Amino acid sequence: MALLRLFPDNTKYRFMWFRTVSYPLSIVIAIVSFGLFFSVGLNYGIDFKGGSLIELKTQGPADLAAIRGELSALNLGDVQVQQFGDPDEVLIRIEQQDGGELSQQAAINNIRETFEGQVEFRRVEIVGPRVSGELARAGTIGVTVALICILFYVWFRFEWQFAVGAILTTLNDVIVTIGLFVVLQLDFTLSSIAAILTIIGYSLNDTVVVYDRIRENLRRYKKMPLAELLDLSINETLARTTMTSVTTLIALLALYTFGGEVIQSFTLAMIIGVVIGTYSSIFLAAPLLILFNLRGTGGGEEEDGAKDGKSPAKTA
């Protein structure tokens, strides 16, 4: 089993010392993400801005340049053509047409007539502006409700300091993930909302594991200075946290590499979220408890845990 561990069980890293770097770094990244969101904006997919999505299967490898040329002649506005999956599978995205759903359906009919007999139409989806607006509101409400539920759950299970720390940590993960969506200009669709909600759950799980060990150690080492106790708790859960993250990343990287372009945006968001969530669980969640004065930082020379023959990690 030792070969499967990235870190041994008896590490004594000084994570609380690194908070002098992690705090300002996280604040700067969050501010930059906010600025990019309002200045550059997300690359909204058809789910949110309306339009049509058509999936084609060609006879033999698809000639994307020829398909783009024929679509350009139809004057449909912004049209995206990309290959996904097998070489003979093509995904076409068409922007929302002026004139409402009737115009959108007319554009689809023009495409059908243009490629009639040449390709197989495997999927056609049309999202109108009213539906896209409802989807955007529903997605925002979903993320907000998830964060509120997390706040009350952690508050009920632990103390208010833990609840606020979990919310700030999870909110940081969401903000940074959205910022990377803006930087990379990934399509932001309903699957992206699903990825963010999954990231929230994953990050919260890691954070609660660390918080649970902190709570246990607060009862065991009642005289230990808080910074030392937090370092000890993180070191005790470090092997579990890193192994969970690495095994999850291995599965996600396999999906990203072999899963095809349709799920690449979702998978990439998950990869980014797992990395950010692991970082925040170690370098943000626990150090925030010092800011909230979870317990006085004074301590004696002996800890209650010494009675059990256990020696806590010594940190500065």
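Computed from a predicted structure; not experimentally measured. (Residues numbered from 1 in each chain as written. Predicted model: local features only at pLDDT ≥ 70, side-chain atom pairs only at ≥ 80, totals over all residues. Heavy atoms only, no water.)

S.K.: Can you break down unusual backbone geometry residue by residue, with the values?
M.R.: With phi around 55°, Gln185 is a residue other than glycine that occupies positive phi space. With respect to the helices and strands, Gln185 occurs in the loop between helix 6 (160-184) and strand 6 (187-188). On the basis of relative accessible area, Gln185 is assigned to the partly exposed category, the value being 35%. (Helix = DSSP H or I, 4+ residues; strand = E, 2+ residues; numbered from the N terminus. Buried < 20%, exposed > 50% of the residue type's maximum accessible area, 1.4 Å probe, protein only.)

S.K.: Requested: an account of the environment of Thr170, with residues and values cited.
M.R.: Tracing the backbone shows Thr170 in helix 6. Sequence separation between Thr170 and Ser280 is 110 residues; the distance between their C-alpha atoms is 8.1 Å. Not counting residues within four places of it along the chain, the set of residues in contact with Thr170 comprises Leu147, Ile150, Ile200 and Ser203. (Contact = heavy atoms within 4.5 Å.)

S.K.: For the sheet that holds strand 4 (residues 89-95), give the residues involved together with the corresponding values.
M.R.: In space, the four strands of this open sheet follow the order 3-4-2-5, with antiparallel pairing throughout. For this open sheet the edge positions go to strand 3 (79-83) and strand 5 (119-127), each flanked by a neighbour on one side alone. The sheet shows a mean angle of 15° between the axes of neighbouring strands, direction not considered. In the sheet, strand 3 pairs with strand 4 via five bridges, with the strands oriented antiparallel. Bridge pairing links Gln80 to Arg93 in strand 4. Packed onto the sheet, helix 4 (residues 101-114) meets strand 2 (51-58), strand 4 and strand 5 and runs at close to 170° relative to strand 5. (Pairing = 2+ DSSP bridges. Axes fitted to C-alpha atoms, helices over the stretch in contact; angles between N-to-C directions.)

S.K.: Tell me about helix 4, and name the residues and values.
M.R.: When the terminal C-alpha atoms of helix 4 are compared, their 20 Å separation across 14 residues agrees well with the 20 Å that a helix rising 1.5 Å per residue should span. Of all the residues in helix 4, the buried ones are Gln104, Ala107, Ile108 and Ile111. Looking straight down helix 4, one finds its buried side chains confined to an arc of 100°; they lie on one side. Exposed residues pointing more than 90 degrees away from the buried face of helix 4 are listed as Leu102 and Glu113. Tucked into the core, helix 4 has its buried residues touching strand 2, helix 3 (64-72), strand 4 and strand 5. (Expected span 1.5 Å × (residues − 1). Arc of directions from axis to C-beta.)

S.K.: Describe the UniProt feature "transmembrane region" (unreviewed entry) in the protein, naming the residues involved and giving the relevant values.
M.R.: Listed under "transmembrane region" (unreviewed entry) in the UniProt record, and renumbered for this structure, are residues 21-46, 135-155, 162-184, 190-211, 232-256 and 268-292. The annotated region residues 21-46 carries 77% helix and 8% strand content, and the separation between its end C-alpha atoms amounts to 40 Å. With 100% helix and 0% strand, the stretch residues 135-155 has end C-alpha atoms that lie 30 Å from each other. (UniProt positions renumbered as here; feature names shortened; annotations may be inferred.)

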